[in-house]
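# Geometric and topological summary
Listed below, chain by chain, are the residues.
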Amino acid sequence: MPQRSVAEDLARDLPATPFVAGRFESGPASQSFDVVDPVTEKVLTTVAEADGDTVDRAVASAHRALDEGEWGRMDGAARGELLHAFAQLLQDRAESFADLESLDVGKPAIEPRVIDLPQAIATFRHYAGWADKLTGHSIPTSGYQGRATLSYTVRQPIGVVAAITPWNSPTMIGSWKIAPALAAGCPVILKPPEDAPLTSLLLAQLAAQAGFPAGALSVLPGRGPTTGRLLVEHPGVDKVSFTGSPQTGYQVAIAAAKGFRPTTLELGGKSPQIVFADADLAAAAQGVALGIFANQGEVCAAGSRILVARAVYDEFVDRLVQLAAAVVPGDPFDPETTMGALINPRQLERVLRYIRLGHDEGARLVAGGGRPDRPGYFVQPTLFADAANSMTIAREEVFGPVGTIIAFDDDEQAVTLANDSDYALAATLWTTDLSRAHAMARRVRAGAVAVNGWSPLDPRLPWGGSKLSGHGRELGLAGIEANTELKTVTIVL
Ligand code: NAD
């Protein structure tokens with residue numbers, strides 16, 4: 001049974017300092033920051049921020065691990081064993097992790113128990129299996145100056161990977177970055193979100209317990225413009241894997257480009273959920289509501305543009321309104337709660353500003369629109385109907401529980417509306433027509449399209465987008481290959 005007091009004790013007792021070269025730093029920090037509970041608005045703990053010296057030491061220890069140490073000499077099978085051991089420790093501590101994540105992020109206690117933690121564990125196990133399976137090819141050539149050659153490719157670790165994570169699902173998204181990079185043999189330096197760094201500190205504890213050599217994984221808590229910037233600008237970092245907003249992603253991409261360092265950028269979305277007239281409307285309404293209200297709408301793939309066939313529009317809007325009314329915002333540790341709080345007052349103000357814009361630009365508010373009468377950074381589940389795709393609430397990512405409903409007349413218009421976006425991360429189609437499902441899945445521009453359900457989270461399925469949603473893919477084979485360098489070797493025989 002999840003308990004707030006147990007999670008609060010855990011938060012208070014965590015070592016809240018950078019984890020570098022296999023141990024938590026001691027001694028006074030030059031800077032620190034408070035971690036605030038979004039539900040009670042109270043300080044949970046104060047964390048020492050990694051400054052320039054700490055970032056230097058973390059990068060140096062990562063290079064020592066790779067270039068001189070045990071980590072760089074370890075073969076794939078041994079790395080796989082370590083990752084399996086780590087996954088087992090994570091499984092053993094899953095409830096602690098889940099409750100700490102609920103406390104830190106403000107999401108209902110059930111969500112990390114059934115989504116984030118099982119996904120993170122599965123991701124570590126998935127990549128434990130890949131660690132000894134990265135192979136190259138033997139490639140026939142025309143030879144060299146009349147002599148035969150043997151040419152082949154090998155995949156080698158790309159080098160030191162900086163992993164920067166957002167606050168909405170730090171454990172799961174952290175696992176998407178850490179597991180494939182470690183499996184590929186790269187040392188990882190994780191910069192967790194300043195708003196929710198606690199589970200990442202717990203991950204550092206587990207890395208030490210699992211027996212990862214010093215420098216294989218470092219965790220540097222800190223704010224974005226300080227620790228984050230120092231890390232992505234560090235010349236000793238070989239690759240940056242970033243998940244966050246497009247605005248920050250842009251700064252990260254520029255900093256990395258200065259050293260021609262590759263990036264994987266997982267940015268935001270304005271994902272369409274398209275409900276066709278032939279859909280099973282009851283199932284579609286449940287799925288669409290989940291797609292916009294899960295995790296308080298603080299989900300990169302949130303289905304925030306709800307496109308509905310005019311023939312079923314009124315009925316569908318009614319169904320969604322009823323589902324929004326059934327959502328229970330509240331303390332994540334109350335079993336009745338189905339929606340938690342937004343992460344911080346800035347995010348609350350941002351979401352309320354979009355709600356005002358929805359009103360001002362002429363959309364019809366059919367659910368929510370305000371704050372529940374209680375402390376904490378809560379906002380009601382909100383729906384705007386009769387919106388146009390040109391409105392700000394249809395174009396910009398709100399990152400809160402605000403759905404924008406737009407009617408369409410036929411399939412052509414549905415595709416045009418779906419693709420008329422600066423983002424291209426995910427899309428959901430609701431239809432019982434198999435041909436339409438395949439045709440639309442091909443035509444809608446998105447990194448992931450799901451039909452009659454939300455995109456299942458599974459470490460085997462590649463994840464990522466294009467346009468403002470970023471570039472590169474995490475998870476699956478693509479996710480580990482993104483942490484490797486393809487080397488060509490030719491031997492003149
Ligand atoms: P954010 O961009 O504010 O912060 C993300 C991370 O970047 C944090 O750890 C932050 O400290 C760090 N950061 C900030 N400035 C930095 C800088 N100059 N240099 C280096 N690092 C810096 O994003 P957020 O508010 O934490 O998360 C919300 C955003 O993340 C949304 O736009 C959401 O859609 C996106 N997101 C995307 C995915 C995905 O898979 N595509 C998943 C989750 C969240």
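Residues numbered from 1 in each chain as written. Predicted model: local features only at pLDDT ≥ 70, side-chain atom pairs only at ≥ 80, totals over all residues. Heavy atoms only, no water.

## Description of a nonpolar patch on the surface
Together, I110, V114, I115 and L457 make up a nonpolar patch on the protein surface, roughly 330 Å² of accessible area in all. Counting through the fold element by element, I115 comes out in helix α6 (residues 110–130). Given a relative accessible area of 33%, I115 falls into the partly exposed group. (Patch = residues over 30% accessible without salt bridge, like charges linked within 9 Å, V, L, I, M, F, W, Y side chains within 5 Å. Areas by Shrake-Rupley, 256 points an atom, 1.4 Å probe, with all protein chains shown as cover. Salt bridge = Lys/Arg side-chain N within 4 Å of Asp/Glu carboxyl O. Helix = DSSP H or I, 4+ residues; strand = E, 2+ residues; numbered from the N terminus. Buried < 20%, exposed > 50% of the residue type's maximum accessible area, 1.4 Å probe, protein only.)

## Here we look at helix α1 (residues 4–13)
For α1, the full list of buried residues reads R4, A7, L10 and A11. For α1, the buried positions fall inside an angular range of 125° around the axis, keeping them on one side. Exposed and oriented more than 90 degrees from the buried face of α1 are R12 and D13. Next to the buried residues of α1 lie β4 (43–48), α5 (94–105) and α8 (198–210). (Arc of directions from axis to C-beta. Contact = heavy atoms within 4.5 Å.)

## Quick notes on unusual backbone geometry
Although it is not a glycine, A21 adopts a positive phi angle of roughly 50°. Following the sequence through the fold, A21 ends up in the loop between β1 (19–20) and β2 (23–24).

## Side note on the nonpolar core
Most often, soluble globular proteins have nonpolar side chains that are buried together. In this structure, F212 and F316 are the most contacted members of the largest nonpolar core, which totals 128 residues. Built from parts of two domains, this core gets at least three residues from each of domain 1 (4–267 + 469–492) and domain 2 (272–458). Look past the residues within four positions of F316 in its chain and what remains in contact with it is V275, L281, A284, A285, V288, I306 and V308. If you look at the next biggest cluster of nonpolar residues, it comprises 21 residues, including I164, V232, V237 and L267. (Core = buried A, V, L, I, M, F, W, Y, C linked by side-chain atoms within 4.5 Å. Domains from an automatic or database assignment.)

## Here's the deal with helix α4 (residues 76–92)
Look at α4: 24 Å from first C-alpha to last across 17 residues, which is about the 24 Å you get at 1.5 Å a residue. Within α4, the full set of buried residues consists of G76, R79, G80, L82, L83, F86, A87, L89 and L90. Of the surrounding elements, those touching the buried residues of α4 are α3 (70–73), α5, α6, α7 (170–183) and α8. (Expected span 1.5 Å × (residues − 1).)

## Some details on the pairing of strand β11 (residues 263–266)
Along β11, one buried face is formed by T263 and L265 and the opposite face, lined by T264 and E266, is buried too. Two strands pair when backbone bridges link them, and strand β10 (residues 239–243) and β11 are joined in this way by 4 bridges, in the parallel orientation. When the sheet's bridge partners are listed, F242 is paired in β11 with L265. Assessed by its sense of winding, the connection that carries the chain from β10 through helix α10 (residues 246–258) to β11 is right-handed. Both β11 and strand β21 (residues 470–471) contribute to a ladder of 2 bridges, which runs antiparallel. (Pairing = 2+ DSSP bridges. Right-handed = clockwise from strand over helix to strand, strands pointing away.)

## A short note on the packing of aromatic side chains
Using the criterion set out here, one finds 6 aromatic pairs in the structure. Between W167 and F399 the ring centres are 5.3 Å apart and the planes differ by 70°, which places this aromatic pair in the edge-to-face class. On the criterion of sequence distance, the pair formed by W167 in the loop between β7 (161–164) and α7 and F399 in the loop between α14 (392–395) and β16 (402–408) is long-range, its members being 232 residues apart. Here the two residues W167 and F399 agree in accessibility, since each one is buried. Centre to centre, the rings of F276 and F408 are 5.7 Å apart; their planes meet at 70°, and the pair counts as edge-to-face. Linking F276 in the loop between β12 (272–275) and α11 (281–293) with F408 in strand β16, this pair joins segments that are 132 residues apart in sequence. F408 shares its class with F276; the two are buried. (Phe/Tyr/Trp six-rings, centres within 6.5 Å; stacked < 30°, edge-to-face > 60°.)

## Side note on the pattern of salt bridges
Summed over all chains, the structure comprises 25 salt bridges. In this structure, the salt-bridge partner of K107 is D116, at a minimum N-O distance of 3.0 Å. Like D116, K107 is buried.

## Examining the domain arrangement of the protein chain
The domain boundaries assigned to the protein chain delineate domain 1 (4–267 + 469–492) and domain 2 (272–458). Between the C-alpha centres of domain 1 and domain 2 there is a distance of 31 Å. Every contact between the two is made by 30 residues of domain 1 and, on the other side, 31 residues of domain 2. Summing both sides of the interface, domain 1 and domain 2 together bury roughly 2,400 Å²; the carbon and sulfur share of this comes to 58%. When the buried area of domain 1 at its contact with domain 2 is split by residue, V39, W167 and S469 rank highest and sum to 24% of it. Our count for the domain 1 to domain 2 interface comes out at 2 salt bridges. Among the salt bridges present, the one from R346 reaches D195, with a minimum N-O distance of 4.0 Å. (Buried area = accessible area lost by both parts, 1.4 Å probe.)

## Description of the site of the ligand
As a matter of local geometry, the ligand sits amid 29 residues, with K191, E194, S245, L267 and E397 nearest to it. Contacts to the ligand include K191, whose side-chain N or O atom sits 2.6 Å from an oxygen atom. The contact in question runs from an oxygen atom of the ligand to an N or O atom on the side chain of E194, over 2.5 Å. For the ligand, whose free accessible area comes to 850 Å², the fraction covered by protein is 90%. (Near = heavy atom within 4 Å. Polar contact = N/O pair within 3.5 Å; in protein donor to acceptor, adjacent residues only side chain to side chain.)

## Side note on the side chain of Q296
Tracing the chain through its elements places Q296 in the loop between α11 and β13 (305–309). Among the polar contacts made by the side chain of Q296, one reaches the main-chain carbonyl oxygen of A341 at a distance of 3.4 Å. Aside from chain neighbours lying at most four places away, what touches Q296 is G106, K107, P108, M339, G340, A341, L342, G400 and P401.

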